[in-house]
Every structure is written in C-alpha cells, then in structure tokens.
Amino acid sequence: MWRPVIVTTAATGEPIETEDAVAHLSAQGAGDNDLIASMVVTARAMVESRTGTKLFTQTVTLRTDDWEDLAHLPVAPVQSITSITYTDTDGASQTLSTAVYEARLYGLEPAIVLKYNQVWPTIRVGSQIVIVAVVGYGVAGTQPPETLHAMRMILGDLYAFRETAQVGAVAGQIPTAASVDALLVNHKIHLI
C-alpha cells in the first residue's frame, strides 16, 4: 500500500507566470500581484491533487510495503528514478541495483518492473521500500493545455471568491467550475 507522496524538492517555478495570471484575471495595478502569485501555487496544487500528476518538475519520495506496488506508481509523469532503497532481513539499508529493475516511465502509467531472470529481494518485516523520483511534466510550456486551462478557471474562482462563505453558497466551498473536472478527466492517474 502506498503512503502519501512526499515532495522533497519543490517545484522551482509555476506553469503559469504571475504576469499571465494577472492578465487572465484582468487585475488592475500591481497591488494584487503577490496574492495572485500565491493563488497560482494554490491552483497548481489543486490540479495536482485532483489528478495525481505533478505539473512542474519536482523530486518526490514514495513509500510502500510491497514490491508488487511498484507495478503502478502513485504519481505521474515520472522523469527518472533516483534510487530505490529497502531494509534487508538483517536490518541493513540497501540500495536496489538498476540491474534488477526496469523503469517504465510511460505517461500516466509509470511502473517499475523486474528485469528478465531477476527477483525482488526479501525485505525486513514491517519495513518500507523507499523510492526517490524526479516527477512532473517539466518546465513552463510542457504541461497539457487542458491542465493550464483548469488552473486558469480555478484562479478565476479563487480571485473572485476570496472567502469561504458566499451568499447562496454552501459554507466552506469555493464555487470551482464544474468543467474543471471535465478538463482534467484525461489527465488523472488511476491506481489499480
């Protein structure tokens, strides 16, 4: 079973620049630039949360209890596998050799599988397998257009409705457009 994905090296940029977000929102003057920049980060996080993908390059740590889980990684797209470590039956930390596994980093279905004639090592009971990976679509301009449009729609709602309670709305809900989910449906990972 996969544990929550931990971002160990955060994205160093955003898929949408603050200036573009300001223009999209038709914001007047520079007074809201810091607020809008933080909303861009929030919009990216919302899209990433809804899809299981990472829009901008970042490094993550993944943890699981079983080698079989590696057949379906819980985050996508994966650019590279930095390391796979585990605790052996003697309690020593080991790094899995790349001679044992193959990284199949195909779009939204990344996997780590055994190479021919290899076996997964036995791990100590109660320990976890730890994978460090570089993930994300890349730098600005490499994301699917639908994800960027979903971010812009979320930005519009965050900017227009800055509080959690509005007249005629359910308290605690930001009225995110229903079409955001439709835009993101083909960009979600599906764990089996």
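Everything here concerns the structure above.
Cut-off values and rules
- Residues numbered from 1 in each chain as written.
- Predicted model: local features only at pLDDT ≥ 70, side-chain atom pairs only at ≥ 80, totals over all residues.
- Heavy atoms only, no water.
- Helix = DSSP H or I, 4+ residues; strand = E, 2+ residues; numbered from the N terminus.
- Polar contact = N/O pair within 3.5 Å; in protein donor to acceptor, adjacent residues only side chain to side chain.
- Contact = heavy atoms within 4.5 Å.
- Phe/Tyr/Trp six-rings, centres within 6.5 Å; stacked < 30°, edge-to-face > 60°.
- Buried < 20%, exposed > 50% of the residue type's maximum accessible area, 1.4 Å probe, protein only.
- Pairing = 2+ DSSP bridges.
- Axes fitted to C-alpha atoms, helices over the stretch in contact; angles between N-to-C directions.

### Quick notes on the side chain of glutamate 48
Stage number 1. Mapped onto the secondary structure, glutamate 48 falls in helix 2 (residues 33-51).
Stage number 2. In this structure the side chain of glutamate 48 is engaged in a polar contact, spanning 3.4 Å, whose partner is the side chain of glutamine 58.
Stage number 3. Not counting residues within four places of it along the chain, the set of residues in contact with glutamate 48 comprises Thr53, Lys54, Leu55, Phe56 and Gln58.

### Side note on the packing of aromatic side chains
Stage number 1. A full pass over the atoms with the stated rule returns two aromatic pairs.
Stage number 2. Ring centres of tryptophan 67 and tyrosine 86 lie 5.6 Å apart, and the angle between their planes is 70°; this geometry places the pair in the edge-to-face category. With tryptophan 67 in the loop between strand 2 (58-64) and strand 3 (78-87) and tyrosine 86 in strand 3, this pair connects stretches of sequence that are 19 residues apart. There is no split in this pair, since tryptophan 67 and tyrosine 86 are both buried.
Stage number 3. Pairing tryptophan 67 with tryptophan 120 gives two aromatic rings, centres 4.7 Å apart and planes at 0°, and the pair type is stacked. Placement of the pair is tryptophan 67 in the loop between strand 2 and strand 3 and tryptophan 120 in the loop between strand 6 (111-114) and strand 7 (129-135), with a sequence separation of 53 residues.
Stage number 4. A relative accessible area of 8% means that tryptophan 67 is categorised as buried.
Stage number 5. For tryptophan 120, a relative accessible area of 22% gives the class partly exposed.
Stage number 6. Counting every residue linked through ring pairs, the aromatic cluster contains Trp67, Tyr86 and Trp120.

### Examining the side chain of glutamate 14
Stage number 1. With respect to the helices, strands and loops of the structure, glutamate 14 is situated in the loop between strand 1 (6-9) and helix 1 (18-25).
Stage number 2. A polar side-chain atom of glutamate 14 sits 2.5 Å from a polar atom in the side chain of arginine 44.
Stage number 3. Each residue touching glutamate 14, except ones within four places of it in the same chain, is listed here: Val40, Val41, Arg44, Phe56 and Ala140.

### A short note on the sheet that holds strand 3
Two orientations exist for strands paired in a sheet by backbone hydrogen bonds: parallel and antiparallel.
Stage number 1. If you trace the five strands from one edge of the open sheet to the other, you get 1-2-7-3-4, paired in antiparallel fashion. Looking at the sheet topology across the chains shown, the edges are occupied by strand 1 and strand 4 (93-95). The sheet shows a mean angle of 30° between the axes of neighbouring strands, taken without regard to direction.
Stage number 2. Of the strand pairs in this sheet, strand 3 and strand 7 are connected by six bridges, and their pairing is antiparallel. Along strand 7, the bridge assignment pairs serine 80 with valine 134.

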